[in-house]
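Survey of secondary and tertiary structure
What follows is the residue order along each chain.
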Amino acid sequence: MIAKPRVAQTLVSCLYDLGKRGQGGRGIDFYLAHAAMVLRLDLPLVLYVDPELAQWAREARARNGLGARTHVIERPLEDLPVARLLPSIAGFRTFANCDAAKDTPHHQVVEWSKFDLVEEVIAANPFGTDHFAWIDAAIGHVAAPASEFPAATTRVSVLQMCAVAPQETSDRMAFLERERGRIAGGLLRGHRDAFGELIGAFRRELAATLAQRFRPNEQMILGYLTVTRPDLFEFYYGDYASILCNWDAVRRDVDTVFLNIAHCRRHGLWDAGRAACA
C-alpha cells in the first residue's frame, strides 16, 4: 500500500459510466479495474459516482479497511453543474488531435467537473483538512506506483511535461487548437485557498473558450493558465506515468524532462528550465 503523506489531504474523484450513455471509448469495466489503485489509498476520499456504482465503491473501500475514510456521493453525471451545457456544446468543434471515441462532450463535461467537485468538497470538508487533491479514479491505468503519496503543497501542484512559453499563447485559440501535452491533469493538489483561486480562473477561461464554440479538455485550459496565472502553480516534472512518483524527485521519464529542458532553452524560459534541472 502507498504510504500516506505527513500532512492530511482529502482526495476527490469521480466515476461515471460513459459507455452506457454511448459517450466514451472505454467501458465501465475498464475504469472499475483501474480504480483499484485509488481505492487502496489510505487517505480520506470523497468519490462522486453514478448511483448504481455506489455500493461497489463502498464495498471496495471497506475491503481495504478504509470505509471510515470514505464518503461516496451518488450523483448522476447529468446532475453535475456543467452538464447543463451538454445540449448547447454538442455541436461545438473540439481540438484537432482529439480521440473521437473518447473526447466526447460527456467526457469533457466530466473533465471540467473536477473543479466544481473539488470546490464542493472544500466547502463541506467532511474530513476536516486544509489540503485537497483531485485524483482521476482510473489513474492506475497510466501511473507507475509510488512508495509514498505526494505531499501536500500550498499552491496547486501539477505535473509539467513541457513548459508553455508566453509567445505560444499570443493567439489564444490557435494554442487551444491542439492538445499539446504540456500538463497532466490526473492529479492536482494544493491548499484550499489556492484551489479556490484556480477554480475561478479555470471557469473564466472555460467560459471564454466555449463562447468561441470550441470544446477544450481541462489540460489545455490548465496549460494556458500556466502562462496567464503562473502564480497559481508549482510544478514537478516527468510524463503521465510519473505523475505519482516524481513529485519530489525525477525517478522516471527522464527523457521527457530532458525534452522539456531543451524546449525551455529554445524559448528562453531560463527559470523554468533551471527548475526542471533542480
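For the structure itself, consult the block above.
In this report, we go over the structure that sits alongside the text. (Residues numbered from 1 in each chain as written. Predicted model: local features only at pLDDT ≥ 70, side-chain atom pairs only at ≥ 80, totals over all residues. Heavy atoms only, no water.)

1. A few points about the environment of Ile183
With respect to the element layout, Ile183 can be found in strand S7 (residues 183-191). For Ile183, a relative accessible area of 3% gives the class buried. Setting aside chain neighbours within four positions, we find Ile183 in contact with Val158, Leu159, Gln160, Met161, Gln219, Leu222, Gly223, Thr226, Phe235 and Tyr240. (Helix = DSSP H or I, 4+ residues; strand = E, 2+ residues; numbered from the N terminus. Buried < 20%, exposed > 50% of the residue type's maximum accessible area, 1.4 Å probe, protein only. Contact = heavy atoms within 4.5 Å.)

2. Describing a nonpolar patch on the surface
The grouping of Val250, Val254 and Phe258 at the surface amounts to a nonpolar patch, some 260 Å² of accessible area in total. Looking at where Val250 falls in the secondary structure, it is placed in the loop between strand S9 (233-237) and helix H9 (254-266). (Patch = residues over 30% accessible without salt bridge, like charges linked within 9 Å, V, L, I, M, F, W, Y side chains within 5 Å. Areas by Shrake-Rupley, 256 points an atom, 1.4 Å probe, with all protein chains shown as cover. Salt bridge = Lys/Arg side-chain N within 4 Å of Asp/Glu carboxyl O.)

3. Regarding unusual backbone geometry
Despite not being glycine, Arg213 has its phi angle at roughly 60°, a positive value. Here Arg213 is to be found in the loop between helix H7 (192-210) and strand S8 (214-215). Of the residues examined, Arg213 reaches a relative accessible area of 52% and is grouped as exposed. You will see that Asp253, though not glycine, has its phi angle at about 55°, which is positive. Examined against the element boundaries, Asp253 turns out to sit in the loop between S9 and H9.

4. As for the sheet that holds strand S6 (residues 156-160)
The seven strands are arranged S3-S2-S1-S5-S7-S6-S9 in an open sheet whose pairing can be described as mixed. Each edge of the open sheet carries a strand with a single partner, namely strand S3 (70-74) and S9. The sheet shows a mean angle of 20° between the axes of neighbouring strands, direction not considered. Against the sheet, helix H3 (residues 54-63) engages strand S1 (9-15), strand S2 (45-49) and S3, with an angle of about 175° to S3. Packing of helix H5 (residues 105-124) onto the sheet brings it into contact with S1, S2, S3, strand S5 (131-135) and S7, and relative to S1 it is tilted by some 140°. (Pairing = 2+ DSSP bridges. Axes fitted to C-alpha atoms, helices over the stretch in contact; angles between N-to-C directions.)

5. Remarks on the packing of H9 against helix H10 (residues 270-277)
What describes two packed helices is the angle between their axes and the distance between those same axes. For the pair H9 and H10, interaxial distance at closest approach is 8 Å and the crossing angle is 160°. Between H9 and H10, the interaxial angle falls into the category roughly antiparallel. Pair H9 / H10 crosses with left-handed handedness. Contacts between H9 and H10 involve Val257, Asn260, Ile261, Cys264 and Arg265 on the former and, on the latter, Trp270, Ala272, Gly273, Ala276 and Cys277. Classifying every residue of the contact of H9 with H10 by side-chain character gives seven nonpolar, two polar and one charged. (Parallel < 35°, antiparallel > 145°, perpendicular 65-115°, else oblique. Left-handed = near helix turned anticlockwise from the far one by under 90°. Nonpolar A, V, L, I, M, F, W, Y, C, P; charged D, E, K, R; others polar.)

6. With respect to the pattern of salt bridges
Enumeration over the complete set of coordinates arrives at 19 salt bridges. Of the charged contacts in the structure, one is a salt bridge between Asp248 and Arg251, with a shortest N-O distance of 2.5 Å. We note a salt bridge from Asp271 to Arg274, for which the minimum N-O separation is 2.6 Å. Residue Asp271 and its partner Arg274 are both found in helix H10; the two are separated by three residues, about one turn of the helix. By relative accessible area, Asp271 is classed as exposed at 60%. For Arg274, a relative accessible area of 52% puts it in the exposed group. One continuous salt-bridge network, built from bridges that share partners, spans Arg21, Asp50 and Glu78.

7. Details of helix H8 (residues 218-228)
Counting buried residues in H8 gives ten out of eleven residues, a clear majority hidden from the surface. Buried residues along H8 sit in contact with H5, helix H6 (172-176), S7, H7, S8 and S9. For H8, the capping residue at the N-terminal end is Asn217, with a side-chain oxygen 3.1 Å from the backbone nitrogen of Gln219. (Polar contact = N/O pair within 3.5 Å; in protein donor to acceptor, adjacent residues only side chain to side chain.)

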